[in-house]
Amino acid sequence: MHEVLAADLLAPVFGQAVAEPVRLHVQAKRYLVASNPAYAAKLSQDSSRSLSLQGGPMSAQECAGFESKPYFKDALKLRVWDDLGKKKAWFEDSREDALQYLEKLMLAASS
């Protein structure tokens, strides 16, 4: 469960506001697929494949439970950003430039 490992690593440095959306981003994918049929059609091949391994679309009851989580809306935003990051040429710069940009964002979030 990569989301749990990442959230556990981020929490001590960046706090819950950063860590919890990361922890919930897989659930956010399952929620978005269940609540927005057009979303599923836009998933990358890898995300579509992993969806079934992650439990598939949420049930109505699971969606309601997910909506009650404190960082629900932030997790949805992160999920969409995650999907955008999988598209080629999302960053016109090199991979290193993209990582440097992400590092700057993380440092700003921790201040």
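**Q** Which parts of the structure should I look at to understand the environment of Leu102?
**A** Position of Leu102 among the secondary structure elements: in helix H8 (residues 95-110). Here the alpha-carbon distance between Leu102 and Glu67, two residues 35 residues apart in the chain, equals 28 Å.

**Q** Please explain helix H7 (residues 72-85) as it appears in this structure.
**A** One full turn of an α-helix is made of 3.6 residues, so residues set three or four places apart face in the same direction. If you check H7, its first and last C-alpha atoms are 20 Å apart, about what 14 residues at 1.5 Å a residue would give, namely 20 Å. Here H7 has its buried residues at Phe72, Ala75, Leu76, Arg79 and Asp83. For H7, the angular spread of buried residues about the axis comes to 105°, placing them on one side. For H7, the exposed residues lying more than 90 degrees away from the buried face are Lys73 and Trp81. Check the buried side of H7 and you find it contacts helix H2 (16-23), helix H3 (25-35), helix H4 (37-42), helix H5 (45-53) and helix H6 (60-67).

What counts, and where the lines are drawn
- Residues numbered from 1 in each chain as written.
- Predicted model: local features only at pLDDT ≥ 70, side-chain atom pairs only at ≥ 80, totals over all residues.
- Heavy atoms only, no water.
- Helix = DSSP H or I, 4+ residues; strand = E, 2+ residues; numbered from the N terminus.
- Expected span 1.5 Å × (residues − 1).
- Buried < 20%, exposed > 50% of the residue type's maximum accessible area, 1.4 Å probe, protein only.
- Arc of directions from axis to C-beta.
- Contact = heavy atoms within 4.5 Å.

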